[in-house]
Amino acid sequence: MAEELHSEGIEVEMVQVGDKLIPRLHRLRLLLDLGGNYCVFKDDIVNETCKKMREADGFILSSPTYYAGINGAIKAFLDRVFFSSSVYFRYKVATSVAAVRRAGGVDVVHQLNNYLNLAETVGTVKKISQI
């Protein structure tokens, strides 16, 4: 996807979180640094990525399929990103992609699209790549 976007003159930055230790949400209200709607956990890539997503014209969420669902690290990451920043994503162009080997891709796209729909992004398209 990045190659295709680059060929259209679109700048792309990929952020991989599936191999990182991302603390999950505990108590929602306690996780906001109210000064800028960032997560209070400062020792991982969530706030840095939130800033990039806020500044971007659009973004793509993607996940491999793990037992008909998204990867656990990605789930924790997206929970924190969208809790702290979804207001900044309203009307932003976004979509989701699932990598699938056998089955479960529809569930993954549905889970990813839940974040996009709740944040009121636009241009949400379901796309599943068969590997």
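Please refer to the structure placed before this passage.
Here, residues in each chain are numbered from 1, in the same order as that chain's written sequence. Selection of residues for local features in this predicted model requires a pLDDT of at least 70, selection of side-chain atom pairs for listing and counting requires 80 or more, and totals for whole chains, interfaces and linings are taken over all residues. Note that water and hydrogens are dropped before the side-chain values are worked out from all heavy atoms of the structure.

### Overview of the packing of aromatic side chains
And then number 1: Between rings of Phe, Tyr and Trp, where Trp is taken as its six-membered ring, a pair exists when centres lie within 6.5 Å; planes separated by under 30 degrees are stacked, by over 60 edge-to-face, and by other angles tilted. Within the structure shown, the criterion is met by 4 aromatic pairs.
And then number 2: Measuring from centroid to centroid gives 6.2 Å for phenylalanine 59 and phenylalanine 82, while their planes differ by 65°, and the two rings are edge-to-face. Of this pair, phenylalanine 59 sits in strand β3 (residues 58-64) while phenylalanine 82 is found in helix α3 (residues 72-89), placing the two residues 23 residues apart along the sequence.
And then number 3: Taking relative accessible area as the criterion, phenylalanine 59 reaches 11% and is therefore assigned buried.
And then number 4: The rings of Phe59, Phe82, Phe89 and Tyr115 are connected pair by pair, giving a single aromatic cluster.
And then number 5: Think of it as a cone above the ring: NZ of Lys or CZ of Arg counts as a charge over the ring if it is within 6 Å of the ring centre and within 35 degrees of the ring normal. Between arginine 54 and the ring centre of tyrosine 88, over which it is positioned, the NZ or CZ distance is 3.8 Å. Counting from the N terminus, the helices are DSSP H or I runs at least four residues long and the strands are E runs at least two residues long. Summary of the burial criterion: residues with accessible area below 20% of their type's maximum are buried, those above 50% are exposed, and those between are partly exposed, where the area comes from a 1.4 Å probe applied to protein chains only.

### Digging into the packing of helix α2 (residues 46-55) against α3
And then number 1: Two elements in contact, α2 and α3, have axes whose closest approach is 10 Å; the angle formed by their N-to-C orientations is 35°. Helix-helix and strand crossings are classified by hand; for α2 and α3 the assignment is right-handed. Facing Val46, Thr49, Cys50, Met53 and Arg54 of α2, the residues of α3 in contact are Phe77, Arg80, Val81, Phe82, Ser84, Ser85, Tyr88 and Phe89.
And then number 2: Here the term charged refers only to Asp, Glu, Lys and Arg, the term nonpolar to Ala, Val, Leu, Ile, Met, Phe, Trp, Tyr, Cys and Pro, and the term polar to all other amino acids, Gly among them. Partitioned by chemical class, the residues of the contact of α2 with α3 number 8 nonpolar, 3 polar and 2 charged. In this description, a line fitted to the C-alpha atoms serves as the axis of each element, helices being fitted only across the stretch in contact, and the angle between N-to-C directions of two axes falls anywhere from 0 to 180 degrees. For any helix crossing, the convention is left-handed if the near helix is rotated counterclockwise from the far helix by under a right angle, and right-handed if that rotation is clockwise. Contacts are assigned to residue pairs with any non-hydrogen atoms lying within 4.5 Å of each other.

### Observations concerning the nonpolar core
And then number 1: As used here, the term nonpolar core means buried Ala, Val, Leu, Ile, Met, Phe, Trp, Tyr and Cys residues forming a set that is joined through side-chain atoms within 4.5 Å. In this structure, Phe59, Leu61, Phe77, Leu78, Val81 and Phe82 are the most contacted members of the largest nonpolar core, which totals 26 residues.
And then number 2: Counting only elements with at least two residues in this core, the list comes to α2, β3, α3, β4 (93-100) and α4 (105-118).
And then number 3: Counting residues per element, this core draws most heavily on α3, at 8 residues.
And then number 4: With residues near it in sequence (within four places) discarded, phenylalanine 77 still touches Val17, Ile22, Ile45, Val46 and Thr49.

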